[in-house]
Amino acid sequence: MRGLLLKDYYMAIRYCRSFLFVSLLFIVISMVAESNVFMIIYPVVFCGMMAVTLIGYEERSRWTLYCEAFPYSRAQIVSSKYIFTAIVILGVIVLTAIAQGIRLTVNGTMEVMSFINLIAILFLLGCVAPAMLMPFIFKYGVEKGRMGYYIVIGVACAAGAVLTMQKPDMLFSVSAVWMPLVCLVVGTVIFGISWRMSIRFYENREL
């Protein structure tokens, strides 16, 4: 498993630099943009798709076939992608939280509950996007599962367009103390269910 994660890391450094550049650009812009909800959400959703790009490169290089000769189970192969995705999502959330913490502090509008809600919502959205897509990819492959990719991106863009109409401070100002917990639980459950589905699909798939 550790070797698979290292492979994904090296591949990401080589092929996915644009993800980091675009995400950092959006995070910086979100610190100064007037209506920046989409700027806040997009990096998390965008980077949540990084594993799909890696799978695409693996399929084109026939790594999925070569990997059958190594002592890795298909469950481990799938799990490495989900663990990698979780690490990336958490990393982007941390960077976004730092940027928004600076923005709110400088503007004098920092409210602890709103800030916690922001982190929880980002976690939920970051989990949902790859959770919707990864089972398609592991069942049909990147090429055949591309329709699922377009659907997820379309939903994310539509949601972003709607959320852009809202003011960030209003969107994250829900005072219910249970909201962050619900977001964390729902995101984790959805991610976990998707993980199990992907393992089942990939174990039954003919390469």
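It should be noted that the structure appears before, not after, this text.
In what follows, the accompanying structure is described. Residue positions are counted from 1 within each chain, in the order its sequence is given. Confidence filtering applies because this is a predicted model: local features only for residues at pLDDT of at least 70, side-chain atom pairs given and counted only at 80 or more, and all residues used for totals across whole chains, interfaces and linings. Side-chain descriptors were evaluated using all non-hydrogen atoms of the structure, hydrogens and water having been removed beforehand.

## Focus: the nonpolar core
Applied cut-off: What makes a nonpolar core is a set of buried Ala, Val, Leu, Ile, Met, Phe, Trp, Tyr and Cys residues whose side-chain atoms join them at distances within 4.5 Å. We call a residue buried when its accessible area falls under 20% of the maximum for its residue type, exposed when it is over 50%, and partly exposed in between, using a 1.4 Å probe and counting protein chains only. By the criteria applied, helices consist of DSSP H or I runs no shorter than four residues and strands consist of E runs no shorter than two, each listed in order from the N terminus. Any two residues whose heavy atoms approach within 4.5 Å at even a single point are treated as in contact.
Grouped together as the largest cluster of nonpolar side chains are 44 residues, with contacts concentrated most on Met50, Leu122 and Phe138. Looking at this core, the elements with two or more residues in it are helix H1 (2-15), helix H2 (17-32), helix H3 (37-48), helix H4 (50-60), helix H6 (74-107), helix H7 (112-144) and helix H10 (178-203). Those residues within four positions of Leu122 in sequence are excluded, and the remaining contacts are Ile40, Ile41, Val44, Ile93 and Thr96. Ranked by size, the runner-up nonpolar core spans five residues in total, among them Ala120, Ile121, Leu124 and Met179.

## Focus on a nonpolar patch on the surface
Put simply, the rule is: Patches here: salt-bridge-free residues with over 30% relative accessible area, like charges joined within 9 Å, nonpolar side chains (Val, Leu, Ile, Met, Phe, Trp, Tyr) joined within 5 Å. Here, Shrake-Rupley sampling with a 1.4 Å probe gives the accessible areas, and only protein chains in the shown set may cover a residue. What counts as a salt bridge is simple: a side-chain nitrogen of Lys or Arg found within 4 Å of a carboxyl oxygen of Asp or Glu.
Where nonpolar side chains cluster on the molecular surface, the patch consists of Leu20, Leu24, Val94, Leu95, Ile98, Ile102 and Val106 and spans about 630 Å² of accessible area. Every element with two or more residues in the nonpolar patch is listed here: H2 and H6. Of the residues forming the nonpolar patch, the biggest block, five residues, is contributed by H6. Following the sequence through the fold, Val106 ends up in helix H6.

## Notes on the packing of H4 against H7
The following threshold applies: Here the axes come from fitting lines to C-alpha atoms, over the contacting stretch only for helices, and the angles between their N-to-C directions go from 0 to 180 degrees. Angles below 35 degrees are treated as roughly parallel, those above 145 as roughly antiparallel, those between 65 and 115 as roughly perpendicular, and all remaining angles as oblique. Crossing handedness: left-handed means the near helix sits turned counterclockwise from the far one by under a right angle, and right-handed means the same turn made clockwise.
Contact geometry of H4 with H7 gives a least axis separation of 10 Å together with a crossing angle of 20°. As the angle between them shows, H4 and H7 are arranged roughly parallel. Crossing handedness for the pair H4 and H7: right-handed. Here H4 contributes Ala51, Val52, Ile55, Gly56 and Glu59 to the contact with H7, which in turn contributes Leu133, Met134, Ile137, Phe138, Gly141, Val142 and Glu143.

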